[in-house]
Amino acid sequence: MAAAQAGDRRAYERVLADSVALIRAVARRHGVATDALDDVVQETLLTVHRVRHTYDPARSYDAWLSAIAGRRAIDALRSHGRRDRRELHDEFALDQHPDRDDASMDAERRQQARRLREAIAQLPPGQREAVEQLGLREQSLAEAAAQTGRNAGALKVNLHRALKALRGRLHGDD
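Residues numbered from 1 in each chain as written. Predicted model: local features only at pLDDT ≥ 70, side-chain atom pairs only at ≥ 80, totals over all residues. Heavy atoms only, no water.

Undergrad: Quick rundown of the side chain of S19? Include the residues and the values.
TA: Assignment of secondary structure puts S19 in helix α2 (residues 9-29). Ignoring anything within four residues of it in the chain, the contact list for S19 reads Y61 and L65. (Helix = DSSP H or I, 4+ residues; strand = E, 2+ residues; numbered from the N terminus. Contact = heavy atoms within 4.5 Å.)

Undergrad: Hey, could you go over helix α8 (residues 141-148) for me, with residue numbers and the actual values?
TA: Looking only at α8, the buried set comprises A144, A145 and T148. Summarising the axial view, the buried residues of α8 lie within an arc of 100°, below the 170-degree limit, and thus occupy one face. Across α8 from its buried face, at more than 90 degrees, point the exposed residues A142, A146 and Q147. Tucked into the core, α8 has its buried residues touching α7 (125-136) and α9 (152-171). Taken from the residues just after α8, G149 is the one with a positive phi, measuring 80°. (Buried < 20%, exposed > 50% of the residue type's maximum accessible area, 1.4 Å probe, protein only. Arc of directions from axis to C-beta.)

Undergrad: Run through the nonpolar core, naming residues and quoting values.
TA: Counting residues in hydrophobic clusters, the biggest one holds 24 residues, and the most contacted among them are M1, I23, V32, V40, V48, Y61 and W64. Elements represented by at least two residues in this core include exactly α2, α3 (34-51) and α4 (61-84). Formed by seven residues, the second largest nonpolar core is a distinct cluster that contains A119, I120, V131 and L166. (Core = buried A, V, L, I, M, F, W, Y, C linked by side-chain atoms within 4.5 Å.)

Undergrad: Could you give me a rundown of the environment of E132, with the residues and numbers involved?
TA: For E132, the location among the structural elements is in helix α7. For E132, a relative accessible area of 28% corresponds to the partly exposed category. Spatially, the C-alpha atoms of E132 and L159 are 9.4 Å apart, while their sequence positions differ by 27 residues.

Undergrad: Kindly report on the pattern of salt bridges, identifying the contributing residues and their values.
TA: What the rule picks out here adds up to eight salt bridges. Notably, a salt bridge pairs D62 with R115, separated by 2.3 Å at the nearest N-O pair. With a gap of 53 residues between them, D62 in helix α4 and R115 in helix α6 (residues 105-121) connect regions that are remote in the sequence. Each member of the pair, D62 as well as R115, is classed as buried. Ionic pairing is found between E129 and R150, a salt bridge with its closest N-O pair at 3.0 Å. Placement of the pair is E129 in helix α7 and R150 in the loop between α8 and α9, with a sequence separation of 21 residues. (Salt bridge = Lys/Arg side-chain N within 4 Å of Asp/Glu carboxyl O.)

And the structure:
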């Protein structure tokens, strides 16, 4: 976003495209219905465009974007709540058609996986090793300790610190 603020059009297009997955995730966490997700994404991207000058490059872009997406999600829920008083819904039909058939879900999953890989790659070596052994390869503490030559306590501490760092990077909980 900092490059986009400086006038780099490609960077701006890339940051907007990469933001969609996070916006959808924030909207889902707020309870926005599947059929309203695209509206929240559009409203959030429009807001980002209008207020992009307020982004501070020294701070987390994901946290800034999450705050905006959260506000747009709440706006959508309020609007939907007003409509719900006038409309009838078939809850059984909604349950029978979950959003797993949503065309953008695969792209969103790939984007989330890429972001996770990038965040793991940025971890210090000890933390990265703990995540790879215990989280990704699903080894027990004893197996990971034997394979890495490190004690179980050090692996647990590194895993805890790594998960905290990843949460901060991916969800803006710095």
